[in-house]
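Architecture at a glance
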Amino acid sequence: MAMHTGENEQGLKKVIDMTRMIAIVVLIHCYYNCYDAFKHWQLTSNISDDLLRNISRTGLLTGFLKTKLIALSFLLVSLLGVKGRKSETLNYRIAFVYLVTGLIIYFISGLVLISSDLDSEIMAVSYMFLTGIGFILVITGGGLITRIIKSKLNPNVFNKENETFPQEERLLKNEFSINLPARYNLKGKMRKSWINFINPMRGLLVIGSPGSGKSYFVVEHVIKQHIKKGFYMSIYDYKYDDLTKLAYNHYLLHLKNYAIPPAFYVINFDDNKRVYNQHTVIR
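Residues numbered from 1 in each chain as written. Predicted model: local features only at pLDDT ≥ 70, side-chain atom pairs only at ≥ 80, totals over all residues. Heavy atoms only, no water.

If you walk through the whole model with that rule in mind, you get eight aromatic pairs. A ring pair is formed by Phe 176 and Phe 231, whose centres lie 6.3 Å apart and whose planes are at 70°; its orientation type is edge-to-face. Here the residue Phe 176 occupies a position in the loop between helix H8 (120–153) and strand S1 (178–186), and Phe 231 occupies one in the loop between helix H9 (214–228) and helix H10 (242–253), the gap between them amounting to 55 residues. On the accessibility criterion, Phe 176 (32% relative accessible area) is partly exposed. Considering the side-chain rings of Tyr 236 and Tyr 238, the 6.4 Å spacing of their centres and the 70° angle between planes classify their relative orientation as edge-to-face. Residues Tyr 236 and Tyr 238 agree in their burial class; the two are exposed. Connected via pairs of aromatic rings, a cluster forms that spans Tyr 106, Phe 107 and Phe 135. (Phe/Tyr/Trp six-rings, centres within 6.5 Å; stacked < 30°, edge-to-face > 60°. Helix = DSSP H or I, 4+ residues; strand = E, 2+ residues; numbered from the N terminus. Buried < 20%, exposed > 50% of the residue type's maximum accessible area, 1.4 Å probe, protein only.)

This is how it looks when you write it as structure tokens:
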């Protein structure tokens, strides 16, 4: 089984970047086909001319169509590794508009070179501009199509359609566990699930903004389930007496579960002279 490690991903990224750079470098045919304009702009040198002469001997630069097809081939290979940002708004129509428009501009730019009515400088600028625009549009459209195909072949379970991923639906209980009932939406259907804390003795931290449901969804279940299992508890009721009444009622309900019947006491920090026991607590 293939292992997706950081080194593999970095290696793939380097190969993709190299392939894309080859596609861009192949576009040096612009220098070859528009040499008169570059010479007029004084952008030529003996080194570049010698390099260009050696490359031209390979036949790579004979005819702009061949060079463009080679560059396009390397570009398409580089697009196979495109990942990009996930988006729910991607669609084939926009991708094909970019791709087809880019290909038309990319190849039709060759008509500028065979036009004898244009000045060499205007011809060079027009040819390089159209070729560059077409190349960018092909990259954009090809990248979008690759991302769409990958998203179809490997659907993301966290997207809006599924809303969430498959969650634990088994009730896993033991003598210490805390089990919180929950519901979640999977592929448009509401399903019941459980959040199981198998060993809460290792620590349980509940964080949330005021009114987010920390007490209702977590703290109250902890009190109810641990009293039912015969635990002795020390509860700080910040919103006295909400949790106090809850704990007291469950204490009375499950008193038989304790081997040694415990006492129930309430210390009121607003009036620390008064201590309530199980006989004086108001239900």
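Looking now at the pairing of S1. Taken across its nine residues, S1 has seven buried, putting it largely inside the fold. One ladder, built from nine bridges, connects S1 with strand S2 (residues 189–197); its direction is antiparallel. Bridging from a neighbouring strand, Asn 179 pairs with Asn 196 of S2. A loop of two residues connects S1 with S2, the two strands running antiparallel in sequence, and Lys 187 in this loop sits at a positive phi of about 55°. (Pairing = 2+ DSSP bridges.)

Under the criterion given, the structure shown has three salt bridges. The shortest N-O distance in the salt bridge between Arg 170 and Glu 168 comes to 2.9 Å. Taking the relative accessible area as the measure of exposure, Arg 170 reaches 52% and is therefore exposed. Among the ionic pairs, Arg 191 bridges to Glu 169, the shortest N-O distance being 2.6 Å. Of this pair, Arg 191 sits in strand S2 while Glu 169 sits in the loop between H8 and S1, placing them 22 residues apart in sequence. (Salt bridge = Lys/Arg side-chain N within 4 Å of Asp/Glu carboxyl O.)

This paragraph deals with the packing of H9 against H10. For any two helices packed against each other, the geometry is given by the interaxial angle and the distance between the axes. Here H9 crosses H10 at 20°, and the two axes come no closer than 9 Å. If you check the angle between H9 and H10, you find them roughly parallel. Of the two elements, H9 crosses H10, and the hand of that crossing is right-handed. Across the interface between the two elements, Val 219, Glu 220, Ile 223, Lys 224 and Ile 227 from H9 touch Leu 243, Leu 246, Ala 247, His 250 and Tyr 251 from H10. Looking at the contact of H9 with H10, its residues break down into seven nonpolar, one polar and two charged. (Axes fitted to C-alpha atoms, helices over the stretch in contact; angles between N-to-C directions. Parallel < 35°, antiparallel > 145°, perpendicular 65-115°, else oblique. Left-handed = near helix turned anticlockwise from the far one by under 90°. Contact = heavy atoms within 4.5 Å. Nonpolar A, V, L, I, M, F, W, Y, C, P; charged D, E, K, R; others polar.)

Here the focus is the environment of Leu 72. Position of Leu 72 among the secondary structure elements: in helix H5 (residues 64–79). On the basis of relative accessible area, Leu 72 is assigned to the buried category, the value being 10%. Setting aside its immediate chain neighbours within four residues, Leu 72 contacts Leu 103, Tyr 106, Phe 107 and Val 138.

On the surface, a cluster of nonpolar side chains totalling about 760 Å² of accessible area is made up of Tyr 92, Phe 96, Val 100, Ile 104, Ile 108, Leu 111, Ile 114 and Ile 149. The element that contributes the greatest number of residues to the nonpolar patch is helix H6 (residues 92–108), accounting for five residues. Along the polypeptide, Ile 104 turns up in helix H6. (Patch = residues over 30% accessible without salt bridge, like charges linked within 9 Å, V, L, I, M, F, W, Y side chains within 5 Å. Areas by Shrake-Rupley, 256 points an atom, 1.4 Å probe, with all protein chains shown as cover.)

Our next topic: H6. Given a rise of 1.5 Å per residue, 17 residues ought to cover 24 Å, and the 24 Å separating the end C-alpha atoms of H6 matches this to within 8%. Along H6, the positions that sit buried rather than exposed are Ala 95, Leu 99, Gly 102 and Tyr 106. The buried residues of H6 all sit within an arc of 70° when viewed along its axis, so they share a single face. (Expected span 1.5 Å × (residues − 1). Arc of directions from axis to C-beta.)

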